[in-house]
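Secondary and tertiary structure notes
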Amino acid sequence: MSQLNASSIKDKKYTGYAYDLETGEYLYKEVHREKWQAGKHISSTVSYVNSDGKVIVKKQVTYGSNPLMPTFKMTDTRDGYLEGSNVSGNLVTFQAQRNDMEDLKRKSFTIKNGMVVDAGFDYFVLTNWDKLMTGQKQKIKFGVPIEQDFFNFRLYKVAENDNTVTFRFEIDNVLLILFVKSINVEYFKKEKRLYRYR
């Protein structure tokens, strides 16, 4: 695995665009800003901007010693939807509410190997890149704050071409898989960078 010179990594900004899969209608854009320090990704802010140019969702992510389990908070300015996680030592506390009329729910868990939450997913992919590329299925306990729980998922390669590779992220439960749609995440192979998901 190639390594970057720590001093060469600077703060980053990039934008992603979301479209309706059936109609192709433009929905919103995601403006990502990453803060790096001494070669380490320490935080990100994400603004979700609708077609009218209004910020509809804001997210703040802070990375600690375990990049798979960041502290984060996401809020929807339209209805007060909120979800997040707070990591302290070996504990992670979920907080969530479906709207601003609902009381904020909290629940804490002891952090164990294989646990991932929110933007930690990207670092899970990078950490397990070589295994995924050889076709090995990787198991993930993915945290869903709005449900106040962790769920078993699996991630595995389903397609590859000269430039990109596609992994499928699906729930690892024979009953829930009937109701929870899988997600295909596509990465640029050379840069090991997320290209799109659907």
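Just above sits the structure.
Residues numbered from 1 in each chain as written. Predicted model: local features only at pLDDT ≥ 70, side-chain atom pairs only at ≥ 80, totals over all residues. Heavy atoms only, no water.

Quick look at the nonpolar core now. If you look at the biggest cluster of nonpolar residues, it comprises 34 residues, and the most contacted ones within it are Phe121, Val125, Ile140, Leu155, Phe167 and Tyr187. Residues contacting Ile140, with those up to four places away along its chain left out, are Gly114, Val116, Phe121, Phe124, Phe151, Asn152, Phe153, Leu155 and Phe169. (Core = buried A, V, L, I, M, F, W, Y, C linked by side-chain atoms within 4.5 Å. Buried < 20%, exposed > 50% of the residue type's maximum accessible area, 1.4 Å probe, protein only. Contact = heavy atoms within 4.5 Å.)

A few words on the pairing of strand 10 (residues 138-144). Here strand 9 (residues 115-117) pairs with strand 10 via three bridges, running parallel. The partner of Met115 across the bridge, within strand 10, is Lys141. Here strand 10 pairs with strand 11 (residues 149-160) via seven bridges, running antiparallel. Looking at strand 11, one finds that Gly143 is bridged to Phe150. (Pairing = 2+ DSSP bridges. Helix = DSSP H or I, 4+ residues; strand = E, 2+ residues; numbered from the N terminus.)

Quick look at the pairing of strand 3 (residues 40-50) now. Pairing of strand 2 (residues 26-37) with strand 3, which is carried by 10 bridges, proceeds in the antiparallel orientation. Bridge pairing in strand 3 places Val31 opposite Ser47. Where strand 2 hands over to strand 3, the hairpin turn is made up of two residues, of which Ala38 adopts a positive phi near 55 degrees. In the sheet, strand 3 pairs with strand 4 (residues 55-62) via seven bridges, with the strands oriented antiparallel. Counted as the bridge partner of Ser47 is Lys58 from strand 4. Linking two consecutive strands that pair antiparallel, namely strand 3 and strand 4, is a turn of four residues; a positive phi of about 85 degrees is found at Gly53 within it.

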